[in-house]
Amino acid sequence: MVEQTVTGAVPGVDPAELEEWFESLDDLIIRYGKERVKNVLAILQERAYRQGVTMPFTANTPYINTIPVDEQTPFPGNREIERRIKSIIRWNAMAMVVRANKYHDGIGGHISTYASAATLCEVGFNHFFHSRTEDHSGDVVYFQGHASPGVYARAFVEGRLTEENLERFRQEIPRGGGLSSYPHPWLMPNFWQFPTVSMGLGPIMSIYHARFLRYLHNRGIMDTSKSKVWCFVGDGETDEPETLGAITLASREHLDNLIFVINCNLQRLDGPVRGNGKIIQELEAAFRGAGWNCIKVVWGSDWDPLLAEDEDGHLVKRMGEVIDGQYQKYVVEPGSYIREHFFGENPELAKMAEHLSDDQLKRMKRGGHDPEKVYAAYNAAVNHTGSPTVILAKTIKGYGLGEIGEGRNIAHNVKKANEEELRDFRSRFGIPIRDEDVKDTPFYKPDENSPEMQYLQKKREELGGYLPKRTPTEERLETPSLESLDKFLTSMAGKKGSTTGAFGILLGNLLRDKVIGKRIVPIIPDEARTFGMEGLFKQCGIYASQGQLYEPVDRDQLMYYKEAKDGQILEEGINEAGAISSFIAAGTAYANQGVNMIPFYVYYSMFGFQRVGDLVWAAADSRTKGFMLGGTSGRTTLNGEGLQHQDGHSHVMASTVPTLLAYDPAYAYELAVIIQEGLRRMYQEGEEIFYYLSVYNENYEMAPMPEGEDVVDGIIKGIYKFRSQEVEKPAVEMRPQLFGSGPILREVLRAQEILAEKFNIASDVWSVTSYNQLARNVKDVERENRLHPDAEPQKSYLDTIFEGVAGPFIASSDNIKLVADQIREDIPGNYCVLGTDGFGRSETRESLRRHFEIDAENVVVATLVSLAEEGQFDKSKLPGIIKDLGIDPEKVNPRLA
C-alpha cells in the first residue's frame with residue numbers, strides 16, 4: 001500500500017493560492033481548535049459532495065505515529081531503571097527456553113515473540129495494569145500466548161515464581177512445580193486467567209469480556225467503571241477470523257474500556273505477515289472503518305528530528321512506499337544497506353541522512369521498542385472515551401537476538417543459542433553474568449534492596465498488586481433445593497410440552513429466586529422465539545447498553561422485544577462464537593471479577609460443539625462454570641431442517657472435554673434434577689465444572705417422577721429404571737433391558753409394549769440420562785482397580801445396578817451409535833446399539849426414525865435378534881416379523897444414505 005502525502009503542490013493549481021488555503025487552515029486551527037476544524041472540514045466535504053465532487057475513500061493516515069511529538073505525554077518513570085528491569089526479564093525469558101531445550105531436546109518454547117513485545121508489556125506492568133483491589137474491580141489482561149516466557153520471567157523477578165519453577169518450563173508432571181507452555185488457567189489455577197494461544201480466541205473473548213463488565217455495571221451487580229480490558233495480539237493472529245470478527249460490536253457498544261495492543265513485528269511463523277503489503281495500514285483501515293480509535297506507534301524517538309525536518313513530506317512518502325517484506329530486510333542488513341535502499345531513493349532523503357553514521361541508522365528504533373512512544377499511546381488509550389482503542393505498535397520479531405533470529409524468518413522457531421550468541425545477548429542488555437558462566441545460561445535476579453527491585457515492587461504496589469493472578473471468590477451461593485422445585489415438577493407432570501419448553505419455564509422460575517435470580521445470565525444467539533423463551537423478554541428484559549431508543553413493532557404485544565439498560569438477557573444475534581465468549585466471561589466472573597454469575601447459554605445444538613469447539617475447550621481451560629443447552633437437539637427430532645441443523649454427535653464431542661458433564665434428559669423432572677445438582681456443585685460447593693444438556697422441541701406428555709430413592713441418584717449418575725413390564729407366562733427366560741434417551745425413550749417404551757403384547761416378553765426400560773458420565777465412571781473404576789491390584793476391587797455404577805442381570809441389552813437414542821457404545825465393555829451381556837449415524841435430512845419424525853432404524857419397531861427387531869442369538873427365540877421367525885413390523889431389510893444403510 002503506497003501512502004500519498006501532501007507536499008505543498010497540486011498540479012494545475014496556483015501554488016500561491018494553495019498557500020493561502022494552507023494559511024487559512026492553520027489560522028482556523030489556532031483560533032478554534034482541532035475538534036471544531038474537523039466539523040468545518042466535514043461540512044466542506046458535504047458541500048463539495050452536493051456540488052458533484054466525490055472524495056476518494058481512505059481509512060488510512062500516513063505511515064507515521066498518530067500522536068505528534070508536541071502532544072506526546074511525558075514519560076513519568078525512570079527510563080534507565082526500567083530499561084535495566086526489562087533487560088533482566090529479557091535475559092531470564094530467553095534463558096528459560098534455552099535451558100529447557102538444552103537439557104530436554106524438543107521441549108519447545110518461544111523466544112522471539114516476547115523479545116518483540118518486551119517494551120509493550122513492561123510499560124503496561126509498570127504504569128497501567130491495575131490489579132483487583134477493594135476499590136478497583138481490576139484490569140483484565142489477555143497476554144499474547146507466545147510471549148508467556150516473558151510473563152514468567154517477570155513473575156520470577158517479582159518473587160512470585162522460583163528458579164525451580166523456571167527450570168521446569170514445559171515440564172509439568174508431577175503437577176504443581178512446572179510452568180505451562182502457554183497461558184492455561186487449568187494447569188496454573190493461581191496464575192493464568194485466560195487461555196490465549198489458540199489464535200484468535202483471546203481477541204474475541206476480550207471483546208465480550210469488556211461488554212460483560214459493562215453488563216455487570218449497568219445491572220448494578222458491581223462497579224466496573226475503573227476496569228480496562230487489555231488484549232495483546234500478534235499481527236499474524238489477525239488472519240484468524242475470530243480476531244476481527246467482532247470488532248464492530250466493540251464500537252457499537254462504545255466499549256472505551258477495551259484496548260487492543262497489536263504487536264506488529266511484521267512476521268508470522270514462516271515469513272512476513274504481509275511481505276507485499278503493509279499490515280499496519282491494513283489493520284488501521286479495518287479498525288478505523290469499524291469505528292475504533294486507532295493509534296499507530298510506528299517510529300521511535302530517533303526518527304523525530306528527521307520527521308521534523310521533513311517539511312516537503314519526502315520522508316513520510318518514502319515510509320509509506322516501502323512494503324513490509326523490505327522493512328524486514330532492513331533489520332538483517334547493515335546501516336549502509338538502509339542508507340542506500342531507503343534514503344538513497346531520493347536525493348533530498350539522502351541529504352537528510354548524511355549526518356547519521358551507518359551504525360546510527362542501524363540502531364534507529366521502531367516505535368514499539370520506545371517506552372516513551374508506547375507510554376504516550378497507552379495513556380491516550382486509557383483516557384479516550386466513546387469507543388474502543390487499538391494500538392498498532394511496530395516492532396522487530398526476535399529483537400535483541402542478533403544473529404540467532406532477529407527479524408529473520410526462522411525467529412519463531414528459535415529455541416537454542418550457542419555460547420557466543422549468549423555472550424552477545426548478555427552484553428547487549430548489560431546482564432552482570434561472567435563470561436565463563438554464560439554457557440550455563442544462569443537465571444539472574446537482582447538483590448532485593450537493589451534500585452531495580454525496589455522500583456519494580458513499588459510500581460506494582462501502586463497498581464494494586466501482581467498480574468496475572470487468578471483469585472476465585474470464596475462466596476458460596478445458597479442454591480435451590482430439589483424440594484423447592486416441587487411446584488415446577490408438579491405443574492409439568494401430565495402436561496404436553498417439550499424439554500426445551502420445560503427448560504424455559506424452569507429458567508423463568510430460577511430468575512425469580514431471591515438468592516440466585518439476579519446472578520443468572522441468560523444467553524441466546526437470536527433463537528429465543530424458536531425455543532419458546534420470548535416470555536423472558538418481558539420478565540427480565542434484553543440487555544442494551546443504551547436502553548431502547550425506538551418503539552418496537554410488537555410493542556402492543558405482551559411479549560414484545562423489550563430492551564433495557566439493566567436487561568438481564570444477552571441476546572447475541574446470529575453469533576455462536578460471540579455468545580460462547582459471553583458464556584466464558586460470565587462463567588469465569590467468580591475468579592476474574594470476584595462475583596458468582598450463573599450463565600445459561602441456549603443455542604441451536606448443531607452450532608455448539610461443531611461450530612465453536614475450540615471455544616468450548618477454552619471454556620474448560622478457563623475453569624468456566626455454567627450451563628450450555630443444545631436447543632432443538634436430535635437428528636430426527638428437529639425434523640424439518642435438514643442435514644446442517646440436525647445434531648446427533650454433540651455428546652461424542654462433549655465426552656472429550658474433561659470438566660464438561662453432558663446429559664440427555666427425556667422429561668422435565670430429569671432436567672430439573674440435573675440443573676439443581678449442577679447449581680449445587682458449582683455454586684454451593686464451588687466445583688469448577690460446567691454442563692451440557694440436550695433439550696428437544698418435540699411436544700409430548702411429561703411424565704411424573706417415578707417413586708424410589710434411587711431415581712435422583714440414577715439421573716445424576718446417568719441411568720435409572722423407568723418402567724418394568726410384566727407378562728403372564730413369559731415366552732422367554734431372559735428379560736431384555738431396553739435403554740432410551742431424550743424423546744427416543746418414548747419409542748423404547750412403545751417397543752416394550754409391543755414386546756409384551758405381541759410376543760409375551762417381559763422387559764425393563766431404563767432412562768439413560770448420560771452415557772458420558774457412565775463411561776467415565778467405568779474408566780475411573782477400571783483404572784483404580786488396575787493400579788491397586790491388592791485392594792478389594794471397586795464396582796462401577798453399571799456393575800452395581802446390573803449385577804445378576806443377563807440381558808440382552810438394547811440401546812436407542814437420537815445420537816450416533818458411538819455415544820451409547822462408550823459403555824459396551826461394562827454391559828454384562830449381549831449389547832445392541834441403535835443410533836442416527838449418517839447425514840440428516842428433512843422429513844417427518846416418524847419417517848426419520850424409521851430411516852435411522854431407532855424407532856420402536858426397530859428396537860423390537862433388535863431385541864428379538866439378540867434373544868435369538870442367546871437361543872431364546874426362534875430365528876426362523878425373524879424375517880416374517882421384520883416384514884410384519886413394516887421394516888424394509890433391503891433399504892439403503894442410513895449411514896451411507
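Scroll up to find the structure.
S.K.: Please explain the nonpolar core as it appears in this structure.
M.R.: One recurring pattern in soluble globular proteins: nonpolar side chains tend to sit buried together. In terms of nonpolar packing, the biggest core is built from 88 residues, with F342, F343 and M628 touching the most fellow members. Sorting elements by how many residues they give to this core places helix α7 (residues 201-218) first, with ten residues.

S.K.: Would you take a moment to explain the pairing of strand β13 (residues 660-663) for this structure?
M.R.: Regular strands have side chains that alternate between both faces of the sheet. Side-chain alternation along β13 places L660 and A662 on one buried face and L661 and Y663 on a second face that is also buried. As judged from the four bridges shared by β13 and strand β14 (residues 690-694), these two strands associate in the parallel manner. Across the sheet, the residue bridging to A662 is Y692, located in β14. Between the parallel pair β13 and β14, the chain is carried across by helix α28 (residues 668-684), and the sense of this crossover is right-handed.

S.K.: Explain the environment of R154 to me, please; I cannot follow it from the model alone.
M.R.: Take R154: it is sitting in helix α5 (residues 148-158). Using a relative accessible area of 1% as the deciding quantity, one classes R154 as buried. Taking the C-alpha atoms as reference points, R154 and A93, 61 residues apart in sequence, are found 8.4 Å from one another. Contacts of R154, omitting those with residues within four sequence positions, involve I85, I89, E122, F125, N126, L456 and R460. Among the polar contacts made by the side chain of R154, one reaches the side chain of N126 at a distance of 3.1 Å.

S.K.: I tried to follow the packing of helix α4 (residues 112-127) against helix α17 (residues 371-383) on my own but got confused; where do I start?
M.R.: For any two helices packed against each other, the geometry comes down to the angle between their axes and how far apart the axes lie. Running from N to C, α4 and α17 cross one another at 60 degrees; their axes reach a closest spacing of 10 Å. With respect to α17, the axis of α4 lies oblique. Every pair of crossing elements has a handedness; the one defined by α4 and α17 is right-handed. Within the contact between the two elements, α4 uses T119, L120, V123, G124 and H127 and α17 uses P371, V374, Y375 and Y378. Residues that form the contact of α4 with α17 fall into these classes: six nonpolar, three polar and no charged.

S.K.: Could you clarify how one ought to interpret the packing of aromatic side chains in this entry?
M.R.: Ring pairs (aromatic) are described by centroid distance and by the angle formed between their planes. For the coordinates displayed, the defined rule picks out 54 aromatic pairs. On the basis of an interplanar angle of 85 degrees and a centroid distance of 6.0 Å, the ring pair of Y667 and Y700 is categorised as edge-to-face. You can see Y667 sitting in the loop between β13 and α28 and its partner Y700 sitting in strand β15 (residues 700-701), a full 33 residues away along the chain. In this structure Y667 comes out as buried when scored by relative accessible area, which is 4%. Take Y700: its relative accessible area is 1%, and that puts it in the buried class. Ring centres of F739 and F802 lie 5.7 Å apart, and the angle between their planes is 25 degrees; on these two criteria the pair is classed as stacked. One end of the pair, F739, is in strand β17 (residues 737-740); the other, F802, is in the loop between α32 (797-801) and β19 (809-812), with 63 residues separating them in the sequence. In this pair, the class of F739 matches that of F802, namely buried. Over the aromatic face of F156 sits the side chain of K445, whose NZ or CZ is 5.6 Å from the ring centroid. In this structure, R623 packs its charged tip against the face of W186, placed 4.0 Å from the ring centre.

S.K.: Would you take a moment to explain the sheet that holds strand β16 (residues 719-725) for this structure?
M.R.: To summarise the sheet geometry, strands pair through backbone hydrogen bonds and adopt either a parallel or an antiparallel arrangement. Within the open sheet, the five strands sit side by side as β16-β18-β17-β19-β20. Their pairing is mixed. Because the sheet does not close on itself, it has two edges, and the strands there are β16 and β20 (831-834). Averaged over all pairs of adjacent strands, the angle between their axes in this sheet comes to 20 degrees, without regard to strand direction. Here four bridges tie β17 to strand β18 (residues 763-768), and the two strands are oriented parallel to one another. Bridge pairing links L738 to V765 in β18.

The rules behind these values
- Residues numbered from 1 in each chain as written.
- Predicted model: local features only at pLDDT ≥ 70, side-chain atom pairs only at ≥ 80, totals over all residues.
- Heavy atoms only, no water.
- Core = buried A, V, L, I, M, F, W, Y, C linked by side-chain atoms within 4.5 Å.
- Buried < 20%, exposed > 50% of the residue type's maximum accessible area, 1.4 Å probe, protein only.
- Helix = DSSP H or I, 4+ residues; strand = E, 2+ residues; numbered from the N terminus.
- Pairing = 2+ DSSP bridges.
- Right-handed = clockwise from strand over helix to strand, strands pointing away.
- Contact = heavy atoms within 4.5 Å.
- Polar contact = N/O pair within 3.5 Å; in protein donor to acceptor, adjacent residues only side chain to side chain.
- Axes fitted to C-alpha atoms, helices over the stretch in contact; angles between N-to-C directions.
- Parallel < 35°, antiparallel > 145°, perpendicular 65-115°, else oblique.
- Left-handed = near helix turned anticlockwise from the far one by under 90°.
- Nonpolar A, V, L, I, M, F, W, Y, C, P; charged D, E, K, R; others polar.
- Phe/Tyr/Trp six-rings, centres within 6.5 Å; stacked < 30°, edge-to-face > 60°.
- Lys NZ or Arg CZ within 6 Å of the ring centre and 35° of its normal.

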